[in-house]
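# A closer look at the structure
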Amino acid sequence: MNHSEIVSFLWGGADLIRDTFKRGKYQDVILPLTVLRRLDCVLAGTKQRVLTKQAELKGKKLENLDPQLRRIAGFAFYNTSRYDFEKLLADAPHLAANLRNYIAGFSPNMREVLEKFDFDNTMSKLDEAGLLFQVVERFKNVELHPDKIDNPTMGTIFEELIRKFNEALNENPGEHFTPRDVVHLMADLMLAGDEKEIRAKKAIRTVYDPCCGSGGMLMITKEHITVGLRKNGDLLRPAINKDAEIHLFGQEVNPETWAVSKSDLFMKDPTGRDADNIAYGSTLSNDRHAGMSFDYLIANPPYGKDWKRDEEAVRAEHDRGVAGRFAPGLPRISDGQLLFLLHMLAHAKDPGKGGSRIAIIMNGSPLFTGDAGSGESEIRRFILEKDLLEALIALPEQLFYNTGIATYVWVVTNRKAPARKGKMQLIDATSFWVPMRKSLGDKRREIPLERAQDILKILADFNDGETRKVAKKGKAEDIVVSRIFPTTHFGFRKITVERPLRLNFQASTDRIARLEEEKGFQALAQSKKKGAAGAKEQAEGRALQEAVRKLVRALPDALVKDRDEFERLLDAAAKKGGVKLPAPARKAILSALSERDETAAICRDKDGNPEPDPELRDTESVPLAESVEVFFEREVRPHVPDAWIDTSKRDPKDGQVGLVGYEINFNRYFYRYTPPRPLEEIEADIRGIESDILRMLAEVTGSARI
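First, a word on what this report is: a plain description of the structure on this page. (Residues numbered from 1 in each chain as written. Predicted model: local features only at pLDDT ≥ 70, side-chain atom pairs only at ≥ 80, totals over all residues. Heavy atoms only, no water.)

## With respect to the overall build of the protein chain
In terms of helices and strands, the protein chain carries 28 helices and 21 strands. Rg of the C-alpha trace for the protein chain: 36 Å, well past the compact-globule value of 27 Å for 706 residues, more than 25% over. Seen along its three principal axes, the alpha-carbon backbone of the protein chain occupies a region of about 115 × 80 × 80 Å. Sequence separation of at least 24 residues holds for 74% of the intrachain contacts in the protein chain that already meet a minimum separation of 6. Of the roughly 34,700 Å² of accessible surface on the protein chain, a fraction of 50% belongs to carbon and sulfur atoms. Charged side chains in the protein chain number 109 positive and 109 negative. The centres of these two groups are separated by 3 Å. (Helix = DSSP H or I, 4+ residues; strand = E, 2+ residues; numbered from the N terminus. Rg over C-alpha atoms; globule rule 2.2 N^0.38 Å. Contact = heavy atoms within 4.5 Å. Areas by Shrake-Rupley, 256 points an atom, 1.4 Å probe, with all protein chains shown as cover. Lys, Arg positive; Asp, Glu negative; His and termini not counted. Charge placed at Lys NZ, Arg CZ, Asp CG, Glu CD.)

## Quick notes on helix 7 (residues 95-104)
All of the buried residues along helix 7 are Leu 95, Ala 96, Asn 98, Leu 99, Tyr 102 and Ile 103. The buried residues of helix 7 occupy an angular sector of 165° when the element is viewed end-on, so they sit on one face. Residues of helix 7 that are buried make contact with helix 3 (26-43), helix 4 (47-59), helix 6 (85-90), helix 8 (108-115), helix 9 (119-128) and helix 10 (132-140). (Buried < 20%, exposed > 50% of the residue type's maximum accessible area, 1.4 Å probe, protein only. Arc of directions from axis to C-beta.)

## Describing the sheet that holds strand 10 (residues 423-428)
The nine strands are arranged 5-4-1-6-7-9-8-10-15 in an open sheet whose pairing can be described as mixed. Of all the strands in the sheet, just strand 5 (278-280) and strand 15 (482-486) have a single pairing partner and so form its edges. Averaged over all pairs of adjacent strands, the angle between their axes in this sheet comes to 15°, without regard to strand direction. Across seven bridges, strand 7 (residues 357-363) lies against strand 9 (residues 407-413) in antiparallel orientation. Considered in strand 9, the bridge of Ile 358 is made with Val 412. (Pairing = 2+ DSSP bridges. Axes fitted to C-alpha atoms, helices over the stretch in contact; angles between N-to-C directions.)

## A few points about a nonpolar patch on the surface
A contiguous nonpolar patch, built from Ile 689, Ile 693, Leu 694, Met 696 and Leu 697 and spanning about 440 Å² of accessible area, is present on the exposed surface. Mapped onto the secondary structure, Ile 689 falls in helix 28 (residues 679-701). (Patch = residues over 30% accessible without salt bridge, like charges linked within 9 Å, V, L, I, M, F, W, Y side chains within 5 Å. Salt bridge = Lys/Arg side-chain N within 4 Å of Asp/Glu carboxyl O.)

## Considering the packing of aromatic side chains
Taken as a whole, this structure holds 16 aromatic pairs when the rule is applied. An angle of 50° between the planes, with centres 5.1 Å apart, marks the rings of Phe 249 and Phe 294 as tilted. With Phe 249 in strand 4 (residues 245-252) and Phe 294 in the loop between strand 5 and strand 6 (296-299), this pair connects stretches of sequence that are 45 residues apart. Here Phe 249 matches Phe 294 in class, with each residue buried. Seen in terms of ring centroids, Phe 490 and Tyr 669 are 5.8 Å apart; in terms of plane orientation they differ by 85°. Their pairing is edge-to-face. You can see Phe 490 sitting in the loop between strand 15 and strand 16 (491-498) and its partner Tyr 669 sitting in the loop between strand 21 (659-662) and helix 28, a full 179 residues away along the chain. (Phe/Tyr/Trp six-rings, centres within 6.5 Å; stacked < 30°, edge-to-face > 60°.)

## Let's talk about the environment of Val 640
Turning to its location among the elements, Val 640 is positioned in the loop between helix 27 (628-635) and strand 20 (644-645). Considered as a pair, Val 640 and Arg 499 are 141 residues apart in the sequence and their alpha carbons are 8.1 Å apart.

## Re the pattern of salt bridges
Scanning all chains against the criterion turns up 53 salt bridges. For Arg 70, the salt bridge is made with Asp 66, and the minimal N-O distance between the two is 2.9 Å. Linking Arg 70 with Asp 66, this pair stays in helix 5 (residues 66-73), spanning four residues, or about one helical turn. Residue Arg 70 is classed as partly exposed on the basis of its relative accessible area of 27%. Of the charged contacts in the structure, one is a salt bridge between Asp 464 and Arg 483, with a shortest N-O distance of 3.2 Å. Of the two residues, Asp 464 is situated in the loop between helix 21 (449-461) and strand 13 (467-472) and Arg 483 in strand 15; the sequence distance between them amounts to 19 residues. Through salt bridges that share partners, Glu 378, Arg 381, Glu 385, Asp 651 and Lys 653 make up one connected network.

Structure follows, in structure tokens:
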């Protein structure tokens, strides 16, 4: 059977358990039994020798048998139970107890992995339902020996199963499984330009994935370096350096996928070194690789997933400043993608020690969400001002299995080539796809090898305005696929533009009526005191309210377009009426009797400066490369001559006027104008539709004509 047939066979086990387990719980049965069957097949060749050696060593009363049993097994794990799948089924009445004995017979490091599946409870449920024998028998009938199913293919089988489970659970897009075509491209982008160094004799490199899932990105990166690019068993591209020593590191928060990743790596690497480097737990709140740095970092963090469960730890680390991972800023709580990027940057090697390259795939949100000064903008600011973003590649839509959204690969490095210093490349690869023969969920497209190689060529050539031919409506069209900008191009200063407050005043009936709705006026008859003191204060307040009513009714009802003049009239009337106006009452009167009027005089403060009108307040985004004053005089002053810049609003980092922000509106740089269809064509279509409607109505009514 090929890998697709094996996946279908294993998934078919759901037919046996569907009446006992809900669809979302199928993975509790299928995933651990797949791992156990693979382990059973992997250890089959050395199982008897391990048992013999164990008996021999026990006779010698040795305490630590682990090193020698590992050596006999040929792996960093082993099993000392006398059972295997065949012997388990031979004793059907005691299957549950024997299966527990079999699992307990694994070496401690593998038992730790298997415990994450919580299979003991699942086993009890299967046994109670009388299904345990049937399920184990089904898995015994699938051949997963490495001679039949090599490690890369087995990894694909695990990931295909996980994808199916995610669909059943309606998981977040891309949370566990990134399509292989995307992973191959990301690995190539991350390694791009480093081939010479990797080919060096005795080259040693470290690769890290902070949300490694089932480990696909790590394993494919290692294969690219030491094995080459393979597809369906065929070698499409040779290894960069088959003798390179590649160390893999990762962390995963989901217990089942962590167990799959760890067990798979134990089987791939006889030393167990890579498996030992896969940590369990939340990367954001519990960094299990703190203090370490890596040569290459690759990740597909969950899109649009909140970080509430990690909030306390993340905020505490942010408050530590540069001593923590999240000093530049925190994104909104609803999306933690940029936190993973900051985490990866914190684990990058110092440029003086060789530096690092990072490939991370995210949706469009991290490119532009968040205004100037927000956490997202500050993170982008940090990355661009530190000149860390080498390239941004827009991928085709409909690449992922459970979402069709647009995605972008960020290529980040702290050791840019001299020609790339201070610059950033945008690559539009949205048309670099072919349709799949058969859709898998939302995945209807894939990136073929030749298009992936073309993306790498565009990255390497580093040409602004480079074009490619793309088929559009049956015609070949040249489109721009590469743009290069200075990193400051994406920055701007958000300045606040004020306009003066202009009010007219009138003691008209309708405006006087508005006085009753003013909170300052209502508060005159309220008191925080209790008892007699409170009642007295309220009575005094009501008396003052009535005096204010009489006062405003006595004012002339002429329209006044100067606040100073109106206040003089108000003061004169108050003096005449013997009313002492407290500040809240005065403010309430001015608010109730005023209306905005562009023809009125400017309201000024006690120093004679114009007061800003909050309703006319506006903001402008000034490119970083341009002077705020020059921009204002050109873009604002001609349209609103009385406007001014609020110079009190300054950036907290550089102290200059305006908050600095960064955003990357990717589509703006590759927009292609499509002229509208000629009116004649549209009219012809409308007439055709009208004719069809009339014909159908005639058929319904039986009339010859309508």
